[in-house]
Amino acid sequence: KQSFETIHHHLRLLRKYTGEHPIVGCRQTLPNILEVASIQPSKIGDFMRTVRPLSSLGLSISEARIFVRDDGVAFTTLMVVHQEGSEFGDEMIQRVIDRSMDSLEDRWEENWNPQPLRLHDLGRSRLTPTVEVLNNVSSKYTVVEVRCADAIGVLVQIATVFAKYG
């Protein structure tokens, strides 16, 4: 279920969307959690373009959802946490919006080279990675559920596979 504030935020973004350019909006839900929402025409690689700039800023994506309307418009919502647990300031929020727009409009020029998590020194997760394809969840779409340990760039790597192979 979504809160009134979340629905209101999403509706405001939809009103701004004309179809010519992607729209990116951010809303701080808690001091260290940022909701990043984007609206753009659906095409192969959009999810990778959406998560790539966030990983480059050292942000961890705790939840990701994509909805594609029947008219081909994709609505992506990401819940993002700063890896060091610090709060998001106005400057960081603007950097998230700017990098996300650059990435969605294919103006990405930065070499993406993630640094390991500081928590990485504490040891590896014992979680065995699994991938499950669920064709019975939706009559229209295939749901792919990936479970694995968190690390900087893991969602980008997964999204890159989907972008490459469609």
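Shown above is the structure to which this text applies.
Treat the numbers as computed from the prediction; the structure is a model and nothing was measured. (Residues numbered from 1 in each chain as written. Predicted model: local features only at pLDDT ≥ 70, side-chain atom pairs only at ≥ 80, totals over all residues. Heavy atoms only, no water.)

Caption draft 1: Region of interest: the pattern of salt bridges. Enumeration over the complete set of coordinates arrives at six salt bridges. As a salt-bridge pair, R49 and D46 come within 3.3 Å of each other at their nearest N and O atoms. Pair noted here: R49 and D46 are both in helix 2 (residues 46-56), with a separation of three residues, about one helical turn. For D46, a relative accessible area of 6% translates into the label buried. Between E63 and R65 there is a salt bridge, and its shortest N-O distance comes to 3.0 Å. The structure contains a network of salt bridges with shared partners spanning K43, D46, R49 and D106. (Salt bridge = Lys/Arg side-chain N within 4 Å of Asp/Glu carboxyl O. Helix = DSSP H or I, 4+ residues; strand = E, 2+ residues; numbered from the N terminus. Buried < 20%, exposed > 50% of the residue type's maximum accessible area, 1.4 Å probe, protein only.)

Caption draft 2: Highlighting helix 3 (residues 90-104). Taking 1.5 Å of rise per residue, 15 residues should cover 21 Å, and helix 3 covers 21 Å from first to last C-alpha, within 8% of that figure. Considering only its buried residues, helix 3 is in contact with strand 1 (23-30), strand 2 (33-41), helix 2, strand 3 (59-68) and strand 4 (73-82). Residue D106 follows helix 3 closely and has a positive phi angle near 55 degrees. (Expected span 1.5 Å × (residues − 1). Contact = heavy atoms within 4.5 Å.)

Caption draft 3: Representation of helix 1 (residues 4-16). Counted at 1.5 Å a residue, the expected span for helix 1 with its 13 residues is 18 Å, and the 19 Å between its end C-alpha atoms agrees. Within helix 1, the full set of buried residues consists of T6, H9, H10 and L13. Each buried residue of helix 1 sits inside an arc of 95 degrees when the element is viewed along its axis, so together they form one side. Away from the buried face of helix 1 by more than 90 degrees, exposed residues F4 and R15 are located. Packed against the buried residues of helix 1 are strand 1, strand 2 and strand 4. (Arc of directions from axis to C-beta.)

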